[in-house]
Amino acid sequence: MKSVRSFSLLTFLLFSGVVALSIAIYSANNEVKETRALMKKYSDEMGYITTEDDAGSKLHVRRLGGYPQMSFGFRYQLPKKRTYTMRIGSGVIDPDTGFPPTLSRREISNDESQGTLIISLQKMPTRLGTTWTVQAIDGNVLGTKTCDDANEFTWLQTYLAAFPIGDGVGNFIQPFPTASAMIRHQAVQTYEPDEVVVLFKKSEFHPSAVASLSPEQIKNRRTVMIWLEPIAPESKSQISSDMIVD
């Protein structure tokens, strides 16, 4: 009686094919994981914002590190079809509004995926002498405003110079207190579309000095602030791409 073969050539080929396919799938999965890890690493280094907000209904902001003192970098993702006014203010905060007088403002609009906003406060020589200049770059659009007051922000520079950079107070890049950490970026922050978002705020007096100051000094302390105000869709204004003064 002829016995039935338990292991034929066809079975061997099928088995080999399954093994090879399994190895290929396993290898591909590992490559996908490695690629995703690399993409996340590069995205983090570039400050790219990754969110689960598929509807694009909220405002996302990420502070970028590595910029020099008195300079700021932000990556933002605006809610779909929404426009904001970016304001830079300096002076005594209005108790009714909670904001200092506006030095400059410009419209921020982004119908694509994400935008990058770079803001620089710097002393520059002009025909009127050395004065303060505010620069803001939104994407590839540059806006520049020279402050009328030649001493604008001088109080802030003096305030910062009074503290060592190492303690995170004298350094504008506060989320990154060490040199090695400055290459990283602050975590993504999420806001509702109608919120007013303060990107940066620094008051004239260090918190540790507040207890020794008079109520009048506290009331009149100066603050520099950068913030975003939402513009209602039905009342969208046309603000020049160059920064203007209120």
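Our subject is the structure that appears above.
Quick look at the structure, then. All values reported here derive from a predicted model rather than from experimental measurement. (Residues numbered from 1 in each chain as written. Predicted model: local features only at pLDDT ≥ 70, side-chain atom pairs only at ≥ 80, totals over all residues. Heavy atoms only, no water.)

**Side note on the pairing of strand β7 (residues 141-146)**
The two faces of a sheet get side chains in turn, since along a regular strand they alternate between them. Alignment of strand β6 (residues 129-138) against β7, held across six bridges, turns out to be antiparallel. If you follow Ile137 over to β7, its bridge partner there is Leu142. (Pairing = 2+ DSSP bridges. Helix = DSSP H or I, 4+ residues; strand = E, 2+ residues; numbered from the N terminus.)

**Some details on the sheet that holds β7**
Pairing within the open sheet is antiparallel, and its six strands lie in the order β7-β6-β5-β2-β1-β8. Here the strands that pair on one side only, and so sit at the sheet edges, are β7 and β8 (189-191). When the angles between neighbouring strand axes are averaged without regard to direction, this sheet yields 25°. (Axes fitted to C-alpha atoms, helices over the stretch in contact; angles between N-to-C directions.)

**Section: helix α2 (residues 154-161)**
For α2, every residue scored as buried is listed here: Trp155, Leu156, Tyr159 and Leu160. The buried residues of α2 occupy an angular sector of 130° when projected down its axis, which confines them to one face. In this structure, α2 carries Thr158 and Ala161 as exposed residues pointing more than 90 degrees from its buried face. Residues of α2 that are buried sit in contact with β3 (83-92), β9 (197-203) and β10 (222-231). (Buried < 20%, exposed > 50% of the residue type's maximum accessible area, 1.4 Å probe, protein only. Arc of directions from axis to C-beta. Contact = heavy atoms within 4.5 Å.)

**Section: the pattern of salt bridges**
Tallied over the full model, the rule gives four salt bridges. A salt bridge links Glu192 to Lys58; its shortest N-O distance comes to 3.4 Å. In this pair, Glu192 sits in the loop between β8 and β9 while Lys58 sits in the loop between α1 (9-46) and β1 (59-64), placing the two residues 134 residues apart along the sequence. Overall, the relative accessible area of 40% leaves Glu192 in the partly exposed class. Across the pair Arg87 and Glu229 runs a salt bridge, and its minimum N-O distance is 3.1 Å. Of this pair, Arg87 sits in strand β3 while Glu229 is found in strand β10, placing the two residues 142 residues apart along the sequence. (Salt bridge = Lys/Arg side-chain N within 4 Å of Asp/Glu carboxyl O.)

**Considering the sheet that holds β9**
Think of a sheet as strands paired side by side through backbone hydrogen bonds, with each pair either parallel or antiparallel. Strand order across the open sheet formed by four strands is β4-β3-β10-β9, with antiparallel pairing between neighbours. Single-partner strands in this sheet number two, and they are β4 (102-109) and β9. Neighbour-to-neighbour, the strand axes of the sheet open up by a mean angle of 15°, direction not taken into account. Of the pairings in the sheet, the one linking β9 to β10 comprises six bridges and is antiparallel in character.

**A few points about the environment of Leu199**
Tracing the sequence through the fold places Leu199 in strand β9. On the basis of relative accessible area, Leu199 is assigned to the buried category, the value being 13%. In the structure, Leu199 is positioned 29 residues away from Leu228 in sequence and 7.4 Å away in space, judged by C-alpha atoms. With residues up to four places along the chain from it excluded, the contact list for Leu199 reads Val61, Phe74, Leu117, Ile226, Trp227 and Leu228.

**Things to note about the environment of Ala55**
Among the secondary structure elements, Ala55 is positioned in the loop between α1 and β1. Given the relative accessible area of 55%, Ala55 is considered exposed. In this structure, the C-alpha to C-alpha distance between Ala55 and Lys80, residues 25 residues apart in sequence, is 8.1 Å.

**Quick look at unusual backbone geometry**
The backbone phi angle of Lys81 is positive, close to 60°, even though this residue is not glycine. With respect to the helices and strands, the residue Lys81 is situated in the loop between β2 (71-77) and β3. Despite not being glycine, Phe153 shows a phi value in the positive range, around 75°. Position of Phe153 among the secondary structure elements: in the loop between β7 and α2. According to the relative accessible area criterion, Phe153 is buried, its value standing at 0%.

**Notes on the nonpolar core**
Met86, Ile119 and Leu121 are the most contacted members of the largest nonpolar core, which totals 31 residues. Looking at this core, the element that brings in the most residues is α2, giving four residues. If near-sequence neighbours (up to four positions away) are discounted, Ile119 is found in contact with Met70, Ser71, Phe72, Phe74, Met86, Ile88, Gln135, Ala136 and Ile226. (Core = buried A, V, L, I, M, F, W, Y, C linked by side-chain atoms within 4.5 Å.)

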